[in-house]
Amino acid sequence: MSISNITVFMPSVFTLIGIPGLESVQCWIGIPFCAMYLTAVIGNALLLIIIKSEPSLHEPMYIFLGMLGVTDIALSTSIVPKMLGIFWFHIPEIYFDSCLLQMWLIHTFEAFESGFLLAMALDRYVAICYPLRHASIFTPQLVTQIAAMVTLRATIFVTPSLVLIKYQLHFFHTKVISHCYCEHMAIVKLAAEDARVNKIYGLFVAFTVAGFDLICISLSYVQIFTTVFRLPQKEARLKAFNTCIAHICVFLQFYLLAFFSFFAHRFGSHIPPYIHILFSSIYLLVPPFLNPLVYGAKTKQIRIHVVKMFSS
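None of the values given here were measured: they were computed from a predicted structure.

Where helix α1 (residues 26-53) meets helix α11 (residues 300-311), the closest approach of the two axes is 10 Å, and the angle between their N-to-C directions is 95°. The angle between α1 and α11 places the two elements in the roughly perpendicular class. Within the contact between the two elements, α1 uses L46, L47, I49 and I50 and α11 uses I302, H305, V306, M309 and F310. Per-class residue counts for the contact of α1 with α11 are eight nonpolar, one polar and no charged.

Now the structure itself:
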């Protein structure tokens with residue numbers, strides 16, 4: 001590795017400093033993060049066990065929920081162990097290739113999560129607006145194809161961002177990343193070369209993946225609410241709305257935190273770094289933490305099987 005007075009050429013190791021400005025209390029911040037991680041892993045694993053063991057839950061909505069649970073476990077596991085290594089054991093170093101791998105995993109799993117939320121919204125749309133055709137439309141083959149498309153889309157869109165950093169950016173101002181995990185823009189900002197292509201591609205992926213999913217989910221729920229409010233009976237309206245309320249809660253918290261983190265990284269120069277990094281971390285940890293709690297509390301079938309499991 002050759003080093004000049006200004007730049008570092010192809011660093012082999014990066015240093016993650018954690019949360020700038022809060023280094024003295026990072027050990028305490030790690031406690032709720034660890035609690036959220038354990039809750040996410042245990043809660044989502046419990047959801048997967050229930051969905052797999054109960055034949056009555058082998059329906060598209062619960063299959064997509066299981067895929068979301070696997071994604072949540074993988075997403076939180078790709079972040080929290082290294083984060084706690086920084087907070088508790090003062091191990092901030094990470095190899096350059098490991099950093100890129102973590103970045104790729106995080107953004108790929110984010111795209112998975114967005115895609116499965118869209119699939120769940122489309123499932124609710126067909127179930128409520130076209131109930132008699134739901135079984136014939138959402139066949140096991142279609143569910144498999146949707147899962148494959150979500151996986152392929154995330155891989156195709158996220159991989160070039162890794163390739164652009166690996167093979168286009170060779171000189172960096174510093175080896176120190178002011179973050180507690182490897183995030184695309186946090187790495188790109190270190191570049192001492194022209195990184196406009198990386199920034200533009202990051203914006204393109206965000207708006208193509210998350211923006212497209214957000215628009216489709218919003219349109220689905222506009223149609224769902226239009227159909228629900230046309231139902232003549234109040235009980236039928238409440239039943240239809242209750243089937244969507246858990247998904248709406250998950251959808252809102254995921255996209256609100258996602259877009260705050262996204263725009264703060266690019267346009268929030270006036271926001272203190274520790275605020276932005278805290279929100280970025282919470283944005284990645286809260287969905288895996290809340291999803292099993294929300295679906296467990298709001299979905300009657302899952303709630304019944306959880307009670308049955310613990311009572312037996």
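Following the structure, the description resumes.
On to the UniProt feature "transmembrane region" (unreviewed entry) in the chain, then. Under the UniProt annotation, the feature "transmembrane region" (unreviewed entry) is placed at residues 28-50, 62-89, 101-122, 142-165, 200-222, 243-263 and 275-295. Helix makes up 93% of residues 62-89 and strand 0%, and the two end C-alpha atoms of the span are 39 Å apart. Annotation note: span residues 243-263, helix share 100%, strand share 0%, distance between end C-alpha atoms 32 Å.

In this section: the nonpolar core. Counting residues in hydrophobic clusters, the biggest one holds 88 residues, and the most contacted among them are F14, L65, I177 and I187. Those residues within four positions of L65 in sequence are excluded, and the remaining contacts are L47, I51, M120, Y295 and I302.

If you want to describe how two helices pack, look at the angle between their axes and the distance between the axes. Close contact between helix α10 (residues 273-298) and α11 brings their axes to 5 Å; oriented N to C, the two are set at 95°. In terms of axis orientation, α10 runs roughly perpendicular to α11. The residues of α11 that touch α10, namely those facing Y295, G296, A297 and K298, are K300, I302 and R303. Here the contact of α10 with α11 is built from residues that sort into three nonpolar, one polar and three charged.

Tallied over the entire structure, the rule returns four salt bridges. D213 is the partner of R153 in a salt bridge, and the nearest nitrogen-oxygen pair spans 2.8 Å. With R153 in helix α6 (residues 140-168) and D213 in helix α8 (residues 196-229), the pair connects residues that are 60 residues apart, well separated along the chain. Exposure remark for R153: the relative accessible area of 17% places this residue in the buried category. Of the charged contacts, one joins D194 and R196 as a salt bridge, the two residues approaching to 2.8 Å between their closest N and O atoms. We classify D194 as partly exposed; its relative accessible area is 45%.

Attention now moves to the side chain of D72. Mapped onto the fold, D72 is located in helix α2 (residues 60-77). Buried and unpaired, D72 has R153 as its nearest opposite-charge partner, separated by 14 Å. Within the structure, the side chain of D72 is placed 2.8 Å from the side chain of N291, a separation counted as a polar contact. Setting aside anything within four residues of it in sequence, one finds D72 in contact with N44, E113, P287, P288 and N291.

As a further point, take the sheet that holds strand β5 (residues 176-177). One open sheet accounts for three strands, arranged β3-β2-β5; its pairing is mixed. Edge positions in the sheet fall to β3 (93-95) and β5, since each has one partner strand and no second. Across three bridges, the pairing between strand β2 (residues 13-16) and β3 is antiparallel. Looking at the pairing, T15 lines up with E93 of β3. Where helix α4 (residues 96-129) meets the sheet, it contacts β2, β3 and β5, and its direction lies at approximately 85° from that of β3.

Okay, the state of the cysteines next. Counted by the stated rule, this structure contains one disulfide. In this structure C27 is not part of a disulfide, and its nearest cysteine sulfur, from C34, lies 13 Å away. Between C180, a free cysteine, and C182, which holds the nearest cysteine sulfur, the sulfur-to-sulfur gap is 10 Å. Taking relative accessible area as the criterion, C180 reaches 0% and is therefore assigned buried.

Let us look at the pairing of β2. What you see with β2 is a clean split: F14 and L16 sit on the buried side and V13 and T15 on the side with no burial. Of the strand pairs in this sheet, β2 and β5 are connected by two bridges, and their pairing is parallel. Each bridged residue has a counterpart across the sheet, and for T15 the counterpart in β5 is V176.

Applying the stated rule across the entire model yields 17 aromatic pairs. Their ring planes at 20° and their centres at 6.5 Å tell us that Y221 and F251 sit as a pair that is stacked. Taken together, the positions of Y221 in helix α8 and F251 in helix α9 (residues 234-267) put the pair 30 residues apart, joining distant regions of the chain. Judged by its relative accessible area of 9%, F251 falls in the buried class. The structure contains a cluster of three or more aromatic residues connected by ring pairs, namely Y221, F225, F229, F251, F254, Y255 and Y283.

Bringing unusual backbone geometry into the picture now. The phi dihedral of M10 is positive, around 45°, even though this residue is not glycine. With respect to the helices and strands, M10 occurs in the loop between β1 (8-9) and β2. Residue classification places M10 among the partly exposed positions, given a relative accessible area of 28%. Here the phi dihedral of H90 falls at roughly 55°; this positive angle occurs in a residue that is not glycine. Along the chain, H90 turns up in the loop between α3 (80-89) and β3.

What counts and how
Residues numbered from 1 in each chain as written. Predicted model: local features only at pLDDT ≥ 70, side-chain atom pairs only at ≥ 80, totals over all residues. Heavy atoms only, no water. Axes fitted to C-alpha atoms, helices over the stretch in contact; angles between N-to-C directions. Helix = DSSP H or I, 4+ residues; strand = E, 2+ residues; numbered from the N terminus. Parallel < 35°, antiparallel > 145°, perpendicular 65-115°, else oblique. Contact = heavy atoms within 4.5 Å. Nonpolar A, V, L, I, M, F, W, Y, C, P; charged D, E, K, R; others polar. UniProt positions renumbered as here; feature names shortened; annotations may be inferred. Core = buried A, V, L, I, M, F, W, Y, C linked by side-chain atoms within 4.5 Å. Buried < 20%, exposed > 50% of the residue type's maximum accessible area, 1.4 Å probe, protein only. Salt bridge = Lys/Arg side-chain N within 4 Å of Asp/Glu carboxyl O. Lys, Arg positive; Asp, Glu negative; His and termini not counted. Polar contact = N/O pair within 3.5 Å; in protein donor to acceptor, adjacent residues only side chain to side chain. Pairing = 2+ DSSP bridges. Disulfide = S-S within 2.5 Å. Phe/Tyr/Trp six-rings, centres within 6.5 Å; stacked < 30°, edge-to-face > 60°.

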